[in-house]
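Tertiary structure, described
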Amino acid sequence: MPDSTVIAIELSAVVIAMESATPTVLLTRTMDRCRAPMLPAGDFDPRHHRTFELGLRDRVAHQTGLALDYVEQLYTFGDQDRLQPDAPGEITRHISIGHLGLVSQQQALRDEQTLWASWYDHFPWEDYRHGRPAIIDMIIAPALSRWTNEAPDEATREARRQRAQLAFGLNGARWVDTRVLERFELLYEAGLAPEAQHHDRAEVITTLPGEPLMSDHRRILATAMDRLRGKLRYRPVIFDLLPEHFTLSQLQLTIEAIIGCRLHKQNFRRALDRTGLVVPTGAVDTTTGGRPAERFRFCREQWRQQMAPGVQTPLAHSEYQ
């Protein structure tokens, strides 16, 4: 009798909050501390969850005690790696519907099994704010070069070479911040991600910096990073990561933390003025240690009337875009 496959729907959440100038992601740990942490996730219950979003909010609240603000669906993940044997003759294929959730500040967590971690702990090559990360030229580029040279023919070698160049800005190519998933998929295919050992690989390089996550959860996180980096440019979602009142410097630092690149301060503020997305509150922030900074708020009513775009991101350096 052939094996039967059962489909199980899982809901997973990439919950992002800012801590100072660091984008952090909510993670949970299993009782086995030797295993990698994971994103909050749980089965979808069609009897009790009217929608996927309500089901996700319920699962996150149950696991972490956290109430989400902004939520949107990301993507459906169902790679063959998610096949799991159950009873004899039965296999369960877990389909995960990923979601992006934003909260305006880190909230206290219910127990030690949950934690906030910088997303750059898992993707250290994505942070260009202090210049090109050394890991790219010292570790990633040589490793990808070896992988390229191992290809069986010249056409494959050239395809790999071009992919590496475009993904990681090699040989004079520009760095594009919205290629997070593309870069991770390339590292995975090259055997540089520890998670690749679950994909019929006999040998996997595991010395590449960057903390792994359970199963394909780092792929889900990469998808969320791509979505957020791109979306803040055409929808004002960045304000869901800020307190109600903020300074323009705080806004700029938050955007820079998300996209991993520095902005040109004067050009950024000129572009922001044209959108009408922020208005002064009349109050000032005296805790900056220098000249008091004016506080602003997101003009939600203006955005609703005119559907203004997101924030513009004029970058400070020409080496990335």
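Use the structure listed above.
Report follows, based on the coordinates. (Residues numbered from 1 in each chain as written. Predicted model: local features only at pLDDT ≥ 70, side-chain atom pairs only at ≥ 80, totals over all residues. Heavy atoms only, no water.)

Quick word on helix 6 (residues 248-259)
- In this model helix 6 runs 17 Å from its N-terminal to its C-terminal C-alpha over 12 residues, within 8% of the 16 Å that 1.5 Å per residue would give.
- Of all the 12 residues making up helix 6, 9 are buried; the element is thus mostly covered by neighbouring parts of the structure.
- For helix 6, the complete set of buried residues consists of Leu-248, Leu-251, Gln-252, Thr-254, Ile-255, Glu-256, Ala-257, Ile-258 and Ile-259.
- Just beyond helix 6, the residue with positive phi is Gly-260, at close to 75°. (Helix = DSSP H or I, 4+ residues; strand = E, 2+ residues; numbered from the N terminus. Expected span 1.5 Å × (residues − 1). Buried < 20%, exposed > 50% of the residue type's maximum accessible area, 1.4 Å probe, protein only.)

Some thoughts on the packing of helix 2 (residues 134-149) against helix 3 (residues 154-168)
- It is the contact of helix 2 with helix 3, at a shortest axis distance of 8 Å, that shows an interaxial angle of 160°. Taken as axis vectors, helix 2 and helix 3 run roughly antiparallel relative to one another. Where helix 2 crosses over helix 3, the two elements pack in a sense that is right-handed. When helix 2 is examined against helix 3, the residues Ile-136, Ile-140, Leu-144, Trp-147, Thr-148 and Asn-149 are found in contact with a partner set consisting of Arg-157, Arg-160, Arg-161, Arg-163, Ala-164 and Phe-168.
- Its residues placed into classes, the contact of helix 2 with helix 3 shows 6 nonpolar, 2 polar and 4 charged. (Axes fitted to C-alpha atoms, helices over the stretch in contact; angles between N-to-C directions. Parallel < 35°, antiparallel > 145°, perpendicular 65-115°, else oblique. Left-handed = near helix turned anticlockwise from the far one by under 90°. Contact = heavy atoms within 4.5 Å. Nonpolar A, V, L, I, M, F, W, Y, C, P; charged D, E, K, R; others polar.)

Regarding the pattern of salt bridges
- Evaluation of the coordinates by the stated rule reveals 18 salt bridges.
- Between Arg-57 and Glu-53 there is a salt bridge; the shortest N-O distance is 3.1 Å. With Arg-57 and Glu-53 both in helix 1 (residues 52-64) and 4 residues apart, the pair spans about one turn of that helix.
- Among the salt bridges present, the one from Arg-233 reaches Asp-177, with a minimum N-O distance of 2.9 Å. Remark: Asp-177 occurs in the loop between helix 3 and helix 4 (180-189) and Arg-233 occurs in the loop between helix 5 (217-231) and strand 8 (245-247); sequence separation between them is 56 residues.
- Judged by its relative accessible area of 22%, Arg-233 falls in the partly exposed class.
- Looking at Asp-177, the relative accessible area reads 2%, which means it is buried. (Salt bridge = Lys/Arg side-chain N within 4 Å of Asp/Glu carboxyl O.)

A word on the sheet that holds strand 9 (residues 278-285)
- With respect to topology, 3 strands assemble into an open sheet ordered 8-10-9, the strand pairing being antiparallel. The open sheet has two edge strands, strand 8 and strand 9, and neither has a second partner. Shown here is a sheet whose adjacent strand axes are inclined to one another by a mean of 45°, direction ignored.
- Contacts from helix 6 reach strand 8, strand 9 and strand 10 (293-298) within the one sheet, and its direction differs from that of strand 8 by about 85°. (Pairing = 2+ DSSP bridges.)

Overview of the pairing of strand 7 (residues 114-118)
- Counting buried positions along strand 7 gives 4 out of 5 residues, so the element sits mostly inside the fold.
- Pairing of strand 2 (residues 22-28) with strand 7, which is carried by 5 bridges, proceeds in the antiparallel orientation. When the sheet's bridge partners are listed, Thr-28 is paired in strand 7 with Thr-114.

Some details on the environment of Tyr-120
- Tracing the sequence through the fold places Tyr-120 in the loop between strand 7 and helix 2.
- Residue class for Tyr-120 comes out buried when judged on its relative accessible area of 8%.
- For the pair Tyr-120 and Glu-211, spaced 91 residues apart in sequence, the C-alpha separation works out to 9.0 Å.
- Among all residues touching Tyr-120, those that are not within four sequence positions of it are Pro-23, Glu-126, Asp-127, Arg-129, Arg-229, Ala-257, Ile-258, Ile-259 and Gly-260.

Topic: the environment of Val-180
- Along the chain, the position of Val-180 falls in helix 4.
- For Val-180, a relative accessible area of 0% puts it in the buried group.
- Residue contacts for Val-180: discarding those within four places in its chain leaves Phe-123, Glu-126, Ala-222, Met-225, Asp-226 and Arg-229.

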